[in-house]
Amino acid sequence: MAEISLEEIEKVLDEKVRPELAYHNGDIRVEKLEKGVLHVRMTGNCNNCPSAELTLENIVDTALTEAFPELEEIVLVTGVSDGMIENMKQILKMRKSN
């Protein structure tokens, strides 16, 4: 089985997924790809949208599994990212020092 590159995934996202999400001022970010499982996070207005799971199934999963049948699963990452937690810690440190 050929290994899927993140560049190939990003190209499909750019061509087939992001234009659809842009209608709602949303986007998608790849968190990681490991062992055939792609983890993605919705951003913009699509982040924490009640329809995010449906969007994942109907748009993201369809486009990516059509292009890469070897993908075993596409997982929607929710919650606060590690990067966001670190940003908030920095903001709180700055506030404390003022």
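I will try to describe carefully the structure that is included in this document.

### Section: the overall build of the protein chain
Helix and strand counts for the protein chain come out as three helices and three strands. Judged by the C-alpha coordinates and their principal axes, the protein chain covers about 55 × 30 × 20 Å. Buried positions account for 30% of the 98 residues belonging to the protein chain. Sequence-distant contacts in the protein chain: of pairs separated by 6 or more residues, those separated by 24 or more amount to 51%. Counting every atom, the protein chain has about 6900 Å² of accessible surface; 51% of that belongs to carbon and sulfur. Both charge centroids of the protein chain, one from 11 positive and one from 19 negative side chains, sit 13 Å from each other.

### Quick notes on the sheet that holds strand 2 (residues 37-44)
Read from one edge to the other, the open sheet built from three strands follows the order 1-2-3, with strand pairing classed as mixed. The sheet terminates laterally at strand 1 (26-34) and strand 3 (73-76), the two strands that pair on one side only. Averaged over neighbouring strand pairs, the angle between their axes works out to 30° when direction is ignored. Pairing of strand 2 with strand 3 involves four bridges; the strand directions are parallel. The residue bridging leucine 38 from the neighbouring strand is isoleucine 74, located in strand 3. Of the strands in this sheet, strand 1 and strand 2 are in contact with helix 1 (residues 6-22), which crosses strand 1 at around 155°. The strands that helix 2 (residues 52-67) touches are strand 1, strand 2 and strand 3; relative to strand 3, the one it contacts most, it runs at about 150°.

### Observations concerning the packing of helix 1 against helix 2
For any two helices packed against each other, the geometry comes down to the angle between their axes and how far apart the axes lie. At their nearest, the axes of helix 1 and helix 2 sit 10 Å apart, and the two run at 150° to each other. In terms of orientation, helix 1 and helix 2 fall into the roughly antiparallel class. Relative to helix 2, the crossing made by helix 1 is right-handed. Facing helix 1, whose interface residues are Ile9, Val12, Leu13, Lys16, Val17, Glu20 and Leu21, helix 2 presents Thr55, Ile59, Val60, Ala63, Leu64, Glu66 and Ala67. In terms of residue class, the contact of helix 1 with helix 2 is built from ten nonpolar, one polar and three charged.

### Some remarks on unusual backbone geometry
Its identity as a non-glycine residue notwithstanding, asparagine 25 has a phi of 55°, on the positive side. Exposure remark for asparagine 25: the relative accessible area of 58% places this residue in the exposed category.

### Some thoughts on the pairing of strand 1
Across eight bridges, the pairing between strand 1 and strand 2 is antiparallel. Opposite lysine 32, over in strand 2, you have histidine 39 as the bridge partner. Here strand 1 folds back onto strand 2, and the loop between the two strands holds two residues, one of which, lysine 35, carries a positive phi near 55°.

Cut-offs applied
- All chains use their own residue numbering, which begins from 1 and follows the written sequence.
- Local features in a predicted model are, by the rule used here, given only for residues with pLDDT of at least 70; side-chain atom pairs are given and counted only at 80 or more, and totals for whole chains, interfaces and linings are based on all residues.
- Working from all heavy atoms in the structure, the side-chain values ignore hydrogens and water.
- A run of H or I in DSSP becomes a helix once it reaches four residues, and a run of E becomes a strand once it reaches two; helices and strands are each numbered from the N terminus.
- Burial classes follow relative accessibility: with a 1.4 Å probe on protein chains only, a residue under 20% of its type's maximum area counts as buried, one over 50% as exposed, and anything between as partly exposed.
- A contact between two residues is defined here by any heavy atoms of the two lying within 4.5 Å.
- Using a 1.4 Å probe, the Shrake-Rupley method yields the accessible areas, and only the shown protein chains count as cover for residues.
- The charge count treats Lys and Arg as positive and Asp and Glu as negative. His and the chain ends do not count.
- Lys charges are placed at NZ, Arg charges at CZ, Asp charges at CG and Glu charges at CD.
- Two strands qualify as a pair provided DSSP detects at least 2 bridges between them.
- Axis definition: a line fit to C-alpha positions, over the contact stretch in the case of helices; interaxial angles, taken between N-to-C directions, run 0 to 180 degrees.
- An angle counts as roughly parallel when it lies under 35 degrees, as roughly antiparallel when it exceeds 145, as roughly perpendicular when it falls between 65 and 115, and as oblique in every other case.
- Crossings are assigned a handedness: left-handed for a near helix turned anticlockwise from the far helix by less than a right angle, right-handed for a clockwise turn.
- Note on residue classes: Ala, Val, Leu, Ile, Met, Phe, Trp, Tyr, Cys and Pro are nonpolar, Asp, Glu, Lys and Arg are charged, and everything else, Gly too, is polar.

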